[in-house]
Amino acid sequence: MQADVAVIGSGPAGLVAAIEAYRSGAKDVLLLEREEELGGILKQCIHNGFGLEQFKKDYTGPEYAECLIEDLGKTGVHCFLNTMVIGVSADRTVTAVNSENGVFQIEAKSVVLAMGCRERARGSIGIPGTRPAGVLTAGTAQRLVNIEGYLPGKEAVILGSGDIGLIMARRLTLEGAQVKGVYEIMDYPGGLKRNIVQCLNDFDIPLYLSHTVTEIRGRERVEGVVVSKVDEKMQPIRGSEKFIQCDTLLLSVGLIPENELSKGAGVELSRTTTGPVTSETMETSVAGIFSCGNVSTVFDLVDYVAQTGMSAGRNAAGFAKGDWKGNRESVEVLAGENVRVVFPQRYCFRDDLTLYIRPAKPIEKPVAIGISPVEISIKRLYARPNEMIRVKVAKEKLKKVTGAVEVSITER
Amino acid sequence: MDIEKKHFTCVTCPVGCEVDVEVQNGSIVSMKGNKCDKVKEFVLQELKEPMRVLTTTVRVEGAKYAMLPVRTDKPIPKRLFLQAIGELAKVDLRTPVHISEVIVKDIAGSGANIVATRTMEIRE
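Residues numbered from 1 in each chain as written. Chains lettered and ligands numbered in written order. Predicted model: local features only at pLDDT ≥ 70, side-chain atom pairs only at ≥ 80, totals over all residues.

Describing the overall build of chain B
Alright, step 1. Counting its regular elements, chain B contains 2 helices and 9 strands.
Alright, step 2. Taken from the N to the C terminus, the helices and strands of chain B come in the order β-β-β-α-β-β-β-β-α-β-β.
Alright, step 3. Based on the C-alpha atoms only, the size of chain B along its principal axes is roughly 60 × 25 × 15 Å.
Alright, step 4. Classification of the 124 residues of chain B by burial places 30% in the buried group.
Alright, step 5. Long-range pairs, those at least 24 residues apart, make up 44% of the contacts in chain B with a sequence separation of at least 6. (Helix = DSSP H or I, 4+ residues; strand = E, 2+ residues; numbered from the N terminus. Buried ≥ 20, exposed ≤ 12 C-beta atoms within 10 Å, placed from the backbone. Contact = placed C-beta atoms within 7 Å.)

Set out below in structure tokens:
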């Protein structure tokens, strides 16, 4: 099978990339999805707050997905559902399997990686104790409650204050469970401020910062957890242990880009994001292979995910049509002072540069975002790790850059 | 009446402006920290009656999934959430359901309707 563009994954990034690739003139666009319907994780994110920027509407996840799927229906994109991609090679051969075609190969002129991310689970954070039923990730609980119709427990403790954990604190409360508290190891919350207000404060659910779970108790089923305060090095403080009775422990302790396929294709991965190193065109280190959305780096907002999908789709189409030969010369984009993550990691002088910046620590003072050597300084009232900062730099301003671009956040 | 000092986080958009407000007789005397005018509207409503969009699910028969996601078509008083959830537990629903279809009218006497947030076809 031949294709101009093959898109892997049909969450928000993949849907937007496929639509945009088609609109940009690619003829044979294939969208490959391992589940039985399109939309990815949006289908279980039944809360609102999606697409405020893109559609100027306050959609829920399923509404946002249906909106994109409707747009997709107006294109000639060909979808493969129930289809698992098992390999991508550097020459852009995609190997997939489904029960209709068996194992088959697609020779694509360009490939868009849009596999998204997965949750960190108990094994990634090493909580001591027994291994009873009732310990699950916030996203698993979200699927059980919102799609399958099961309440995972009656008394829950949530470890980690990522957005999914906060959303699930509210969701479990509405469904009749008691949420005893959200415990966060850092001294600042992981999720968006609005979720702290709407999901915790609205329901009087306490948030404990600088706390973690140090033991899980129970044989068949969780009977409770021990929580402890942590010091500034995030080590539990002896004597601060407290037992909390519960039957469920939800983990909302971070997301990891899912890059098994990227590795197989020989794509260079970033140490900080763990996703592919890409340029502003969303092209990876391998010519003709693009990546977008949470497979690249974990974004806070679907609007940002969609924007990277749009760029990947447009450039993948351009590459497939032979309009350009991919990234030639490029410079590095570096994370400087007070910056944990900057995305993308390279600039190749083709498009405007939209930077996504994750601050390294909270700075509750007016800050300036510097983008050296360009003489721009953007002012913000504060910088917080739970709120990605997006900055757009016009390509005219970057024309003369020869060394690296370095992004920093400083107090002003 | 005395001037009261209050702190709010606006939830109208993801920016989440944090504002310090001085309130007297339910009106705003002064406000600091807002990036747009919608924050004022939000604070006034919070003082009167906190309103939120309710998003939840209802059980549906004959679909490939057990639950249909739904929402209120406009914000409702926060205090009516549990009553609304109680009413939704009694809903008897079968596929097909179309996105935006009204599932329950005037939920919990709020004047808002519960609408489906996705299309759900009959299970093949």
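Looking at the sheet that holds strand β14 (residues 211–217) of chain A
Residues and elements named next belong to chain A.
Alright, step 1. The strand order β14-β15-β16 describes an open sheet built from 3 strands, whose pairing is antiparallel. Looking along the sheet, the strands with just one partner apiece sit at the ends: β14 and β16 (242–245). Recorded for the sheet is a direction-independent mean angle of 30° between the axes of neighbouring strands. (Pairing = 2+ DSSP bridges. Axes fitted to C-alpha atoms, helices over the stretch in contact; angles between N-to-C directions.)

Quick word on the domain arrangement of chain B
Alright, step 1. The domain boundaries assigned to chain B delineate domain 1 (4–48) and domain 2 (55–116).
Alright, step 2. Averaged C-alpha coordinates put domain 1 of chain B and domain 2 of chain B at centres separated by 30 Å. (Domains from an automatic or database assignment.)

Here's the deal with the nonpolar core
Residue and element names in this part refer to chain A.
Alright, step 1. Of all hydrophobic cores here, the largest spans 84 residues; its most connected members are Val5, Ala6, Val7, Ala17, Ala18 and Val112.
Alright, step 2. Sorting elements by how many residues they give to this core places helix α8 (residues 302–321) first, with 10 residues.
Alright, step 3. Both domains that meet at this core, namely domain 1 (1–118 + 255–328) and domain 3 (330–412), each give it at least three residues.
Alright, step 4. Each residue touching Val5, except ones within four places of it in the same chain, is listed here: Ala21, Ala26, Val29, Ala108, Lys109, Ser110, Val112, Ala316, Ala317 and Ala320.
Alright, step 5. Counting 33 residues, the second largest nonpolar core, distinct from the first, contains Met168, Ala177, Ile196 and Val227. (Core = buried A, V, L, I, M, F, W, Y, C linked by C-beta atoms within 7 Å.)

Notes on the interface of chain B and chain A
Alright, step 1. Counting residues at the interface gives 23 residues for chain B, matched by 21 residues for chain A.
Alright, step 2. Of all elements in the fold, only β5 (55–59), β6 (67–72) and α2 (81–89) of chain B reach the threshold of two or more residues within the side of chain B that touches chain A.
Alright, step 3. If one sorts the elements of the side of chain B that touches chain A by residue count, β5 of chain B sits on top with 4 residues.
Alright, step 4. Per-class residue counts for the side of chain B that touches chain A are 11 nonpolar, 7 polar and 5 charged. (Nonpolar A, V, L, I, M, F, W, Y, C, P; charged D, E, K, R; others polar.)

Considerations on the domain arrangement of chain A
Residues and elements named next belong to chain A.
Alright, step 1. Segmentation of chain A into domains returns domain 1 (1–118 + 255–328), domain 2 (121–253) and domain 3 (330–412).
Alright, step 2. On a C-alpha basis, the centres of domain 1 and domain 2 stand 32 Å from each other.
Alright, step 3. Every contact between the two is made by 5 residues of domain 1 and, on the other side, 6 residues of domain 2.
Alright, step 4. For the side of domain 1 that touches domain 2, a count of residues per class yields 1 nonpolar, 2 polar and 2 charged.

Considering the packing of helix α1 (residues 12–23) of chain A against helix α2 (residues 61–73) of chain A
Working note: a packed helix pair is described by the angle between its axes plus the distance between those axes.
All names here are of chain A.
Alright, step 1. It is at 10 Å that the axes of α1 and α2 come closest, and there the two elements cross at 25°. It follows from the interaxial angle that α1 and α2 lie roughly parallel. Relative to α2, the crossing made by α1 is left-handed. Only Leu68, Ile69, Asp71 and Leu72 of α2 make contact with α1, whose side of the interface consists of Pro12, Leu15, Val16, Ala18 and Ile19.
Alright, step 2. Among the residues forming the contact of α1 with α2, the class breakdown is 8 nonpolar, no polar and 1 charged. (Parallel < 35°, antiparallel > 145°, perpendicular 65-115°, else oblique. Left-handed = near helix turned anticlockwise from the far one by under 90°.)

A short note on unusual backbone geometry
The phi torsion of most residues other than glycine is negative, and most of the peptide bonds are trans.
Alright, step 1. Note that the residue after Ser372 of chain A, namely Pro373 of chain A, is joined by a cis bond; omega there is 5°.
Alright, step 2. Its location among the elements puts Pro373 of chain A in the loop between β24 (367–372) and β25 (377–380).
Alright, step 3. For the bond running from Thr95 of chain B to Pro96 of chain B, omega is 5°, close enough to zero to count as cis.
Alright, step 4. With respect to the helices and strands, Pro96 of chain B occurs in the loop between α2 and β8 (102–104).
Alright, step 5. The backbone of Ser210 of chain A sits at a positive phi, close to 50°, despite the residue not being glycine.
Alright, step 6. Exposure remark for Ser210 of chain A: the 18 C-beta atoms within 10 Å place this residue in the partly exposed category.

Section: the pairing of strand β27 (residues 405–411) of chain A
Residue and element names in this part refer to chain A.
Alright, step 1. The pairing of strand β20 (residues 331–335) with β27 spans 3 bridges and is parallel. Across the sheet, Leu334 pairs through a bridge with Glu406, a residue of β27.
Alright, step 2. Relative to β27, β24 runs antiparallel, the two being bridged by 6 bridges. Paired with Ser372 across the two strands is Glu406, which belongs to β27.

Looking at the environment of Ile76 of chain B
Residues and elements named next belong to chain B.
Alright, step 1. Structurally, the position occupied by Ile76 is in strand β7 (residues 76–77).
Alright, step 2. Spatially, the C-alpha atom of Ile76 lies 22 Å from that of Cys17, the residues being 59 residues apart in sequence.
Alright, step 3. When near neighbours in sequence (up to four residues on either side) are disregarded, Ile76 contacts Met51, Leu54, Ala84, Ser110 and Ala112.

Quick word on the packing of α1 of chain A against α8 of chain A
Residues and elements named next belong to chain A.
Alright, step 1. With their axes 7 Å apart at the nearest point, α1 and α8 run at an angle of 35° to one another. Once α1 is placed against α8, the crossing between them reads as right-handed. Note on element contacts: α8 touches α1 through Val302, Val305, Ala306, Thr308, Gly309, Met310, Ala312, Gly313, Arg314, Ala316 and Ala317, opposite Pro12, Ala13, Gly14, Val16, Ala17, Ala18, Ile19, Glu20 and Ala21.
Alright, step 2. Residue composition of the contact of α1 with α8, grouped by class: 14 nonpolar, 4 polar and 2 charged.

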